[in-house]
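Each chain, written out:
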Amino acid sequence: MTKNSIAVIGAGKWGQALHFALSQKQECLITSRTKKDIRNFVDLDTALNCEYLVIAIPAQQIKQWLRDNFVYKNQKILVASKGIEASSGQFLNEIYEEFVPSKNIGFISGPSFAAEVIKGLPAAIVINSKSKKLYNEFEPFFPNFLKVYYSKDVIGAEVSGAYKNVLAIASGICAGLNLGNNARASLISRGLVEMQRFGKHFGAKKSSFIGLSGAGDLFLTASSTLSRNYRVGLGLAQGKSIEEILEELGEVAEGVMTAEAINKLSQKHQIYTPIAKEVKLILDGKNPLDSLKDLLSSNQ
Ligand SMILES: NC(=O)c1ccc[n+]([C@@H]2O[C@H](COP(=O)([O-])OP(=O)(O)OC[C@H]3O[C@@H](n4cnc5c(N)ncnc54)[C@H](O)[C@@H]3O)[C@@H](O)[C@H]2O)c1
Ligand SMILES: O=P(O)(O)OC[C@H](O)CO
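Residues numbered from 1 in each chain as written. Chains lettered and ligands numbered in written order. Predicted model: local features only at pLDDT ≥ 70, side-chain atom pairs only at ≥ 80, totals over all residues. Heavy atoms only, no water.

Chemist: Is there a simple way to think about the site of ligand 1 in this case?
Modeler: Within the structure, ligand 1 sits among 21 residues, and K13, W14, A114, V252 and E254 are positioned closest to it. One of the backbone nitrogen or oxygen atoms of K13 is found 2.9 Å away from an oxygen atom of ligand 1. One of the backbone nitrogen or oxygen atoms of A114 is found 2.8 Å away from an oxygen atom of ligand 1. Notes on ligand 1: free accessible area 830 Å², of which the protein chains cover 85%. Of all the cavities here, the one that holds ligand 1 is the largest pocket. (Near = heavy atom within 4 Å. Polar contact = N/O pair within 3.5 Å; in protein donor to acceptor, adjacent residues only side chain to side chain. Areas by Shrake-Rupley, 256 points an atom, 1.4 Å probe, with all protein chains shown as cover. 1 Å grid on protein atoms, 1.4 Å probe; cavity = no way out; pocket = protein on both sides within 12 Å on 5 of 7 lines; lining within 4 Å. Sits in = over half its atoms within 2 Å of the grid points.)

Chemist: Quick question: what am I supposed to make of the pattern of salt bridges here?
Modeler: Between side chains of opposite charge, a pair can form as their charged atoms come close. Summed over all chains, the structure comprises 13 salt bridges. Salt-bridge contacts for E137 lead to K76; the nearest nitrogen and oxygen are separated by 3.2 Å. With a gap of 61 residues between them, E137 in helix α6 (residues 132-138) and K76 in strand β4 (residues 76-79) connect regions that are remote in the sequence. Here E137 and K76 have matching classes, each one buried. Through salt bridges with shared partners, a single network forms among K3, E51, K76, K133 and E137. (Salt bridge = Lys/Arg side-chain N within 4 Å of Asp/Glu carboxyl O. Helix = DSSP H or I, 4+ residues; strand = E, 2+ residues; numbered from the N terminus. Buried < 20%, exposed > 50% of the residue type's maximum accessible area, 1.4 Å probe, protein only.)

Chemist: When you look at the packing of helix α8 (residues 181-201) against helix α14 (residues 274-283) in this model, what are you seeing that I'm missing?
Modeler: A packed helix pair is summarised by two numbers, namely the angle formed by the two axes and the spacing between the axes. With their axes 8 Å apart at the nearest point, α8 and α14 run at an angle of 105° to one another. Put simply, α8 runs roughly perpendicular to α14. Between α8 and α14, the residues in contact are L187, R190, G191, E194 and R197 and P274, I275 and A276, respectively. Here the contact of α8 with α14 is built from residues that sort into 4 nonpolar, 1 polar and 3 charged. (Axes fitted to C-alpha atoms, helices over the stretch in contact; angles between N-to-C directions. Parallel < 35°, antiparallel > 145°, perpendicular 65-115°, else oblique. Contact = heavy atoms within 4.5 Å. Nonpolar A, V, L, I, M, F, W, Y, C, P; charged D, E, K, R; others polar.)

Chemist: Sorry if this is basic, but what is going on with the pairing of β4 here?
Modeler: A regular strand carries its side chains on alternate faces of the sheet. What you see with β4 is no split at all: K76 and L78 on one side and I77 and V79 on the other are buried throughout. Where strand β3 (residues 50-55) and β4 come together, 4 bridges link them in parallel fashion. Its bridge partner being in β4, V54 is matched across the sheet by L78. Crossover connection from β3 via helix α3 (residues 59-69) to parallel β4: handedness right-handed. Bridge count between β4 and strand β5 (residues 105-109): 3 bridges; the pairing is parallel. Opposite L78, over in β5, you have G106 as the bridge partner. (Pairing = 2+ DSSP bridges. Right-handed = clockwise from strand over helix to strand, strands pointing away.)

Encoded structure:
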């Protein structure tokens, strides 16, 4: 293993933005399934030899990717994905812990559109890890335009990052249906309560939901067309099928599969999650206007 070296795995929008950010102070390698014309692009073996890895591949693909490709050599890992595995309902920290000890795993959370990070625009993010030492080792790699906070609430960050994508879909639907600013603000704030209730069940701290990881990322994603998940919602409001929307998007929208994961977990653990439930019903074909009326009416 090459000491003090860092690599990003996954060269999609977020992987490339993180690579740009992490290249400001030192050399940062990058790799992906298909070769890309990016500075310091290397093969997977070279990347896996780095002491520090930032992994930015979609949540639904991570378990299989780890099984097929990952070789643990005491690397320290930052997970950049935001989602919950739909097939198993497993959180990403549970998946990663099958391959890497928890002291070597951290999660990036907070409001951070790749399109703005890659321009060097300022943002504040959080590294969430059971180990403060891991934060202390990763933090100096980040450029001055990103302020990096520490939290040990891994599950709070994970639930926030994943859940806000589902709420962004709901918010996009609400906006696309022209239901007004009051309705959308109501939906977002009830969504914040809903994701906090869900997270609490799994041991998340309340403070994570009112900080950068929760409210910060939710307000960002649920109010901007820069968000892929929000744009999925706009498409659903126009009556497009989810297949058509994802085809047009050409990038991952984690909220789609995460809505399924949340519904599975909510049913199993008896957690009240009405917005995630309606998003899943809409994805399965329910009329979006009927759903939003059901959600916002006083009979619910
Ligand atoms: N784009 C953002 O602004 C942003 C910000 C924060 C977090 N995220 C999260 O980062 C993750 C990646 O998002 P993105 O924006 O880079 O998506 P993207 O669609 O732009 O890129 C996804 C990348 O994953 C790779 N990939 C897909 N399947 C793979 C597999 N089976 N094995 C290996 N690699 C595979 C693709 O080749 C691609 O490089 C998501 O979980 C997303 O929620 C994105
Ligand atoms: O484009 P989205 O909806 O995947 O959101 C991107 C980031 O998670 C914002 O922090």
